[in-house]
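Fold and contact review
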Amino acid sequence: MARVLTVDARAPDAGIIAEAVRVLRGGGLVAMPTETVYGLAARALDEGAVARVYAAKGRPGHHPLIAHVEGEAQARALAASWSERASLVAKAFWPGPLTIVVDRAHDVPAAVAGGGPSIAIRAPAHPVALALLRALDEPVAAPSANRFQGLSPTTADHVVKQLGDAVDLVLDAGPCEAGIESTVVDLRPARPRVLRPGALDLAALRRVLPDVEAPTEIVRGAEARPSPGMEARHYAPRARLLLADTWEEARRIAYGLASTGARVGLVTHEKRTTSVPEKQVIARSLPQEPAQYARLLYRTLHDLDDAGVDVIVVQGVPDDEAWWAVADRLRRGSTE
Ligand code: TXA
Ligand code: MG
């Protein structure tokens, strides 16, 4: 079993952080909490450690990782050049759930970036991640701490369940605040472009980057592959995930499947009372506000997986920009 150390999310114990630094300096892997999801950290400039990250996740080597930094100064050292725009967004949103893609500096190993010419960078806001980065005094590569194409972990238990012995140390600081991954924006084109909708909402991003392009096909079209490593099937639970248009349809499908003997989970986000006995399916009602919903989504899917359901039927979410990150993950996690 992986070694798990409990750490205070607000006031991380210096001894525990020092132990995590020791593991990282030895080329090891540390699962750390961030404000979005748990990340699997390794020294970004250590090619051997980065290779271990890919192996632990079962992730193909051409899928780039996000370099996590303490702040803008460390980010600059990873970039070939640092635009005014990069400075602007870093000052506005870091530390926080925004990842920027810039040209990679030549002395940064290509392995971190999946062999490509660019690099994705973010400064996480979680006190434990920040304490670790400060104590280590160099960037870490940290993809979400799950197996390739699996559900991102929002608790330490989710990490242990998926990665087991492949991770040397897990820092358990409780559930993640945002519960969904960071927003990824490519700053290289003339018009910055959202590659992955995420925890930083687009309205906030637009206030600083008014011309940012957030292609609707990221959410709606199966064709678009704007970001390396964004396969259609990604962020998927073990159970089959079916998306229904409405609350009524979700219930109809769920109870229909249950009547054939399937073990079914049902995830809705409308508070309604019904006369149908809930015991035939495991029903979960999520909040109606998108950020609150996002915080609980992966956790709910992990719980239903753990309960051993065969199918999870999810009520579709509103076709509204505030819901894009959630809609994107549901679409990628779904079977059809
Ligand atoms: O919230 C997050 O971003 C979490 C926490 C741990 O920080 N990390 C995370 O990393 O979600 P990962 O590796 O699971 O997802 C990285 C995303 C992928 O969608 C990948 O395609 C994109 O970032 N990405 C990374 N490097 C890129 C690059 N150089 N160019 C374009 N997209 C890139
Ligand atoms: Mg991931």
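Residues numbered from 1 in each chain as written. Chains lettered and ligands numbered in written order. Predicted model: local features only at pLDDT ≥ 70, side-chain atom pairs only at ≥ 80, totals over all residues. Heavy atoms only, no water.

**Some words on the pairing of strand β10 (residues 193-196)**
For strand β9 (residues 183-186) and β10, the ladder comprises 3 bridges, and the chain directions are antiparallel. In the sheet register, Val-184 faces β10, and the bridge partner there is Arg-196. Linking β9 to β10, which pair antiparallel, is a turn of 6 residues. (Pairing = 2+ DSSP bridges. Helix = DSSP H or I, 4+ residues; strand = E, 2+ residues; numbered from the N terminus.)

**What about the side chain of Ser-87?**
Positionally, Ser-87 belongs in helix α4 (residues 84-93). Exposure remark for Ser-87: the relative accessible area of 13% places this residue in the buried category. Engagement of the side chain of Ser-87 in a polar contact is seen with the side chain of Glu-72, the distance being 2.7 Å. (Buried < 20%, exposed > 50% of the residue type's maximum accessible area, 1.4 Å probe, protein only. Polar contact = N/O pair within 3.5 Å; in protein donor to acceptor, adjacent residues only side chain to side chain.)

**Some remarks on the environment of Ala-55**
Within the secondary structure layout, Ala-55 lies in helix α2 (residues 47-57). Sequence separation of Ala-55 and Ala-166 is 111 residues, and the distance between their C-alpha atoms is 8.4 Å.

**Some thoughts on the packing of helix α10 (residues 290-306) against helix α11 (residues 324-333)**
Viewed as axis vectors pointing N to C, α10 and α11 meet at an angle of 30°, and their least axial separation amounts to 9 Å. Relative to α11, α10 is oriented roughly parallel. Regarding α10 and α11, the two cross each other, and that crossing is left-handed. Contacts from Pro-290, Tyr-293, Ala-294, Leu-297 and Tyr-298 of α10 reach α11 at Val-326, Arg-329 and Leu-330. Partitioning the contact of α10 with α11 into residue classes produces 7 nonpolar, no polar and 1 charged. (Axes fitted to C-alpha atoms, helices over the stretch in contact; angles between N-to-C directions. Parallel < 35°, antiparallel > 145°, perpendicular 65-115°, else oblique. Left-handed = near helix turned anticlockwise from the far one by under 90°. Contact = heavy atoms within 4.5 Å. Nonpolar A, V, L, I, M, F, W, Y, C, P; charged D, E, K, R; others polar.)

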